[in-house]
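# Tertiary structure, described
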Amino acid sequence: MLLAFTLVFAMSQAFRTVAAIVAPPLQQEFGLTPRQLGLFAGVFHFAFGGLQLFMGVGMDVWGARRTVLAAFPLAIVGAVLAASAQDFTVLLLAQVLIGVGCAPAFVACTLFIATRFEPARFASMSGAVLGLGSVGLLITGTPLAWLIEASSWRAGFLALAAASALAWVAVLWIVRDPPRADLHERPTPWGAMRGYGELIRLPQTWGILALAAVTYASFLSLRGLWLGPLMVDRHRFGLVASGHVALAVSLVGMFGPALFGRIDPGDATRRRWIIGFTLVIAGLFFAMAFTRSAVVDVGLSIVMSLVSGYIVLQYADVKAAYPAQMTGRAMAVFTMAMFLGVAVVQWFTGQVAGLAVASRQEPYAWVLASLALLLVAGAAAFKWLPAPAKDT
């Protein structure tokens, strides 16, 4: 059952990174500016992140299976709409539908793990799901680049729609809700929404959300938006060659979450690890910003993909920071912050790139340096804002 949910999560990973491969042909066909490209990538995450609270309510009230089955068809419809789009407005609408449809994907996985597995296995199982879900990133590497070059970017979206339909069928056939005797008392929708207020009032929430908004957002802004244009424009790679780089980054990234899930140091030192690895990633972004070497850019992107697996420790930190009865809501709020952060950061980096172009500067140095600064700011907030109580 967890594998079926993971298939849906893998497709959400593919949709959130497809912009890196379709960006060059979209720029050619629609004449998109860097700002429009950032908006195209970001609007998926605005929709995805903005619906997290409602998806969390849905899972509390109706269960993860029903919530995924009800929402995910919108991603399929959105992909078909994108494939038929004739202007930028329709592309944005398609991205909104895809984002809404994918919104429950990973929360369904984490909630399933939290309720069906022993607490000590949460980090390792979450890491395994993140690793397996990275198959979606592999799809938007070389395979999708080949398909787009042989056909068109529209065929790429149709292929993602077909694969998503198969994932939906897997959830329909395989996943079953637990027996009623094993379920906690279901809250009302209003009661579930009111519970989010209690979560936000806890002092440890703000540092957690501040860091959540920039860690995954920074990596995904590279892998899901700027990696393709960076390789094509800065280093004159072809589309398939850029796809090879994205494939390598994604393939190595599959092992990071599982690795960090297994070496999770535990509650006593986990937060120090999170801060340290956030600063390491910031340093890698700074190094990429000030180099013009293809070898360095490709190599550091691959290293960053592996090290970014430490983000799974943030999920373990969230689980440890709140009482068991708040786990579902805490995961939903954390995921909301993470993906709204992706949307804002991708939009923001589009603005940064636009300013760089207007100033006759190389845009990618500005983009990469801005991502590094955001990570430093997030780590500082996580460090200095209130931490969870020791007995939480």
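Residues numbered from 1 in each chain as written. Predicted model: local features only at pLDDT ≥ 70, side-chain atom pairs only at ≥ 80, totals over all residues. Heavy atoms only, no water.

### Concerning the overall build of the protein chain
- Scanning the protein chain from N- to C-terminus turns up 22 helices and 0 strands.
- At 20 Å, the protein chain has a C-alpha radius of gyration in line with the 21 Å of a compact globule built from 392 residues.
- Taken along its principal axes, the extent of the C-alpha atoms in the protein chain is 60 × 45 × 30 Å.
- Across the 392 residues of the protein chain, 58% fall into the buried class.
- Counting contacts in the protein chain only where the partners sit at least 6 residues apart, residues at least 24 apart contribute 84% of the total.
- Summed over its atoms, the accessible surface of the protein chain is roughly 15300 Å², and 69% of this surface lies on carbon and sulfur atoms.
- Of the charged side chains in the protein chain, 25 are positive and 16 negative, and the gap between their average positions amounts to 1 Å. (Helix = DSSP H or I, 4+ residues; strand = E, 2+ residues; numbered from the N terminus. Rg over C-alpha atoms; globule rule 2.2 N^0.38 Å. Buried < 20%, exposed > 50% of the residue type's maximum accessible area, 1.4 Å probe, protein only. Contact = heavy atoms within 4.5 Å. Areas by Shrake-Rupley, 256 points an atom, 1.4 Å probe, with all protein chains shown as cover. Lys, Arg positive; Asp, Glu negative; His and termini not counted. Charge placed at Lys NZ, Arg CZ, Asp CG, Glu CD.)

### Quick notes on the pattern of salt bridges
- In this structure the tally under the stated criterion is 6 salt bridges.
- Taking the shortest distance from any N to any O, the salt bridge between E29 and R154 comes out at 2.7 Å. In this pair, E29 sits in helix α2 (residues 19–30) while R154 sits in helix α12 (residues 153–174), placing the two residues 125 residues apart along the sequence.
- Note on E29: relative accessible area 42%, which makes it partly exposed.
- Accessibility expressed as a relative area gives 17% for R154, which makes it buried.
- R270 serves as the salt-bridge partner of D264, at 2.9 Å between the closest nitrogen and oxygen.
- Judged by its relative accessible area of 21%, D264 is partly exposed.
- One connected set of salt bridges, linked through shared partners, spans R234, D297 and E362. (Salt bridge = Lys/Arg side-chain N within 4 Å of Asp/Glu carboxyl O.)

### Considering unusual backbone geometry
- Although it is not a glycine, R236 sits at a positive phi angle of roughly 60 degrees.
- Its location among the elements puts R236 in the loop between α15 (215–235) and α16 (239–253).
- Residues other than glycine seldom take positive phi values, yet R360 does so here, at roughly 60 degrees.
- Within the element layout of this structure, R360 appears in the loop between α21 (327–358) and α22 (363–384).

### Notes on a nonpolar patch on the surface
- Judged by side-chain polarity, L39, F46, V344, W347 and F348 come together as a nonpolar surface patch covering roughly 400 Å² of accessible area.
- Looking at the nonpolar patch, the elements with two or more residues in it are α3 (34–50) and α21.
- Counting residues per element, the nonpolar patch draws most heavily on α21, which supplies 3 residues.
- Relative to the elements of secondary structure, W347 occurs in helix α21.
- With relative accessibility at 37%, the residue W347 sits in the partly exposed group. (Patch = residues over 30% accessible without salt bridge, like charges linked within 9 Å, V, L, I, M, F, W, Y side chains within 5 Å.)

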